[in-house]
Amino acid sequence: MPVTPLAQLPSTRSVPGSRLQVKRGAADTIVSTAAPAAPVKLSDGAGGFLQISYTPLYDCYWVVRGGTIWHGGADMSGWQRSDQALTITPADVNGITLGHQQTMEIYNLGTVEWRSYMCSYMFKLAAGVAYTAAVVFQYSASAYSSQYHTGPNYARIIGRVTGEGATV
Amino acid sequence: MVVALAAWPSGQPLGTGRAAFKAGPAAGAAVAWPANGVAFEAAGVPMALGTFNLSYRFILCAFANLIFYGNTGTTWTRYDYAIQLYNTGSGATVTDLNGASYVQNADSRDAEGGAWSGSSLEYKFYCEAGINYGVRLVGGPGSGANGIYYQAPTTLNFGAYTVGEGVY
């Protein structure tokens, strides 16, 4: 990634400023999931998704962090695996569409309470491309169900732009 | 200390963040949980980032995401890991301007029919100007007995970026 001296920055654009995006859950609901055939974006509880979008003016990195609280469904037997993940569309400069896939060890609903899970990834973005990053339900072991909370105090995805034109 | 825009050298980029990122290798592999102070690896390469050496004070944000498994045994076990701040010249752990040299997670897990679980850690180090800083991901003092973590692009990542250049 080239480094752009200040004197060469276009005068018709804002200076690089490390922009920030925040999307919280929109309503207190509990969503049940089952093993998906494909990744499913997490709901915000009010008809939207836990996702953020950004179109950079400069090549840059996008640090994205997201997640919510989870527990197992009533049909779980012992500890089981369920995964949330961070995705991006279109693919970033490195060809990444699936960022971090976070495994979550969860238990039958009636035995173990809620657990918090957050994860992060750093995507490399190209100037002028409209990107969307989302928190998704990625995988569940043996078709066991799980549940997540969409409340604004639990569910969130946050993006921060860094390294605009200047990376190590 | 705030650096006025007019005083900023025209021959270097604006201070909008330097970034570095490393993820697990394409050829996934389960690896034994590292001992206290021993680095996590990606295909034999230690998970370390840097050098970050700026001409003004700055905040170095670092984050790590991993998945792990307590693969044998019958008791609850601690799986600790830490992000250390170190000098890339000497290799020695150093403290930031707030006296912090590392941040650590302790994740206990039961091996009862266990499943892969995930964990995430992040911190912001306050760094002095003119020092060769790096961050590295290492095992912590918890035993980590019989534990493994998984090296893959979507299951192990480590990132760092700078903010607040010249502002503090």
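**Examining the overall build of chain A**
Helices and strands together make up the secondary structure of chain A, namely zero helices and 11 strands. Starting at the N terminus and ending at the C terminus, chain A contains elements arranged as β-β-β-β-β-β-β-β-β-β-β. Each principal axis of the C-alpha atoms in chain A carries an extent, and together these give about 60 × 30 × 25 Å. When burial is assessed residue by residue, chain A has 46% of its 168 residues classed as buried. Within chain A, residue pairs in contact and separated by at least 24 positions form 79% of the contacts whose partners lie at least 6 positions apart.

**Some points on the overall build of chain B**
In terms of regular secondary structure, chain B is built from zero helices and 12 strands. Counting from the amino terminus, chain B carries its helices and strands in the arrangement β-β-β-β-β-β-β-β-β-β-β-β. Out of the 168 residues in chain B, the part that is buried amounts to 42%. Put simply, 82% of the contacts in chain B that link residues at least 6 apart link residues at least 24 apart.

**Quick look at the environment of threonine 93 of chain B**
Residues and elements named next belong to chain B. Structurally, the position occupied by threonine 93 is in the loop between strand S7 (77–87) and strand S8 (102–109). Threonine 93 sits 41 residues away from glycine 134 along the chain, and the two C-alpha atoms are 9.2 Å apart. Excluding residues within four positions of it along the chain, threonine 93 makes contact with Gln84, Leu85, Tyr86, Ser101 and Tyr102.

**Thoughts on the sheet that holds strand S10 (residues 133–139) of chain B**
All names here are of chain B. Spatially, S5-S10-S7-S8 is the arrangement adopted by the four strands of the open sheet, whose pairing is antiparallel. The sheet is open, and its two borders are formed by strand S5 (48–52) and S8, each paired with just one other strand. Strand-to-strand twist across the sheet, computed as the mean angle between neighbouring axes with direction ignored, equals 15°. Relative to S10, S7 is paired through seven bridges, and the arrangement is antiparallel. For tyrosine 81, the partnering residue across the bridge sits in S10 and is glycine 139.

**Here's the deal with the nonpolar core**
Counting residues in each nonpolar core, the largest one holds 76 residues, and the members touching the most others are Tyr61, Trp62, Phe123 and Ala133 of chain A together with Leu60 of chain B. The dominant element in this core, judged by the number of residues it contributes, is strand S6 (residues 58–70) of chain B, at 10 residues.

**Some details on the pairing of strand S10 (residues 146–149) of chain A**
Pairing of strand S2 (residues 30–33) of chain A with S10 of chain A involves four bridges; the strand directions are antiparallel. From the neighbouring strand, serine 32 of chain A faces S10 of chain A, where its bridge partner is glutamine 147 of chain A.

**Thoughts on the confidence of the model for chain A**
Any residue range with low pLDDT should be treated as having predicted coordinates unsuitable for detailed reading. Chain-level pLDDT for chain A is 89 on average; 92% of the residues reach the 70-or-more range. Per-element confidence in chain A ranges from a low mean pLDDT of 92 for S2 of chain A to a high of 97 for strand S4 (residues 51–54) of chain A.

**Some words on the environment of isoleucine 96 of chain A**
Residue and element names in this part refer to chain A. Tracing the chain through its elements places isoleucine 96 in the loop between strand S6 (80–89) and strand S7 (98–106). Spatially, the C-alpha atoms of isoleucine 96 and phenylalanine 123 are 7.6 Å apart, while their sequence positions differ by 27 residues. Excluding residues within four positions of it along the chain, isoleucine 96 makes contact with Ile88, Ala91 and Phe123.

**Describing the environment of tryptophan 76 of chain B**
Residue and element names in this part refer to chain B. Its place among the elements puts tryptophan 76 in the loop between S6 and S7. A C-alpha to C-alpha distance of 10.0 Å links tryptophan 76 and alanine 145, two positions 69 residues apart in sequence. Apart from residues no more than four positions distant in its own chain, tryptophan 76 is found in contact with Ser108, Arg109 and Asp110.

**Comments concerning unusual backbone geometry**
Note the cis peptide between threonine 89 of chain A and proline 90 of chain A, where omega equals -10°. Within the element layout of this structure, proline 90 of chain A appears in the loop between S6 and S7. Along the chain, glycine 50 of chain B connects to threonine 51 of chain B via a cis peptide bond; the corresponding omega equals 20°. Of note, threonine 51 of chain B is situated in strand S5. Backbone geometry at alanine 43 of chain B places phi at a positive 55°, although glycine is not the residue there. Looking at where alanine 43 of chain B falls in the secondary structure, it is placed in the loop between strand S3 (41–42) and strand S4 (45–46). For alanine 43 of chain B, a count of 11 C-beta atoms within 10 Å puts it in the exposed group. Phi at asparagine 146 of chain B is positive, roughly 60°, even though this residue is not glycine.

Criteria and cut-off values
- Residues numbered from 1 in each chain as written.
- Chains lettered and ligands numbered in written order.
- Predicted model: local features only at pLDDT ≥ 70, side-chain atom pairs only at ≥ 80, totals over all residues.
- Helix = DSSP H or I, 4+ residues; strand = E, 2+ residues; numbered from the N terminus.
- Buried ≥ 20, exposed ≤ 12 C-beta atoms within 10 Å, placed from the backbone.
- Contact = placed C-beta atoms within 7 Å.
- Pairing = 2+ DSSP bridges.
- Axes fitted to C-alpha atoms, helices over the stretch in contact; angles between N-to-C directions.
- Core = buried A, V, L, I, M, F, W, Y, C linked by C-beta atoms within 7 Å.
- pLDDT = per-residue confidence, 0-100.

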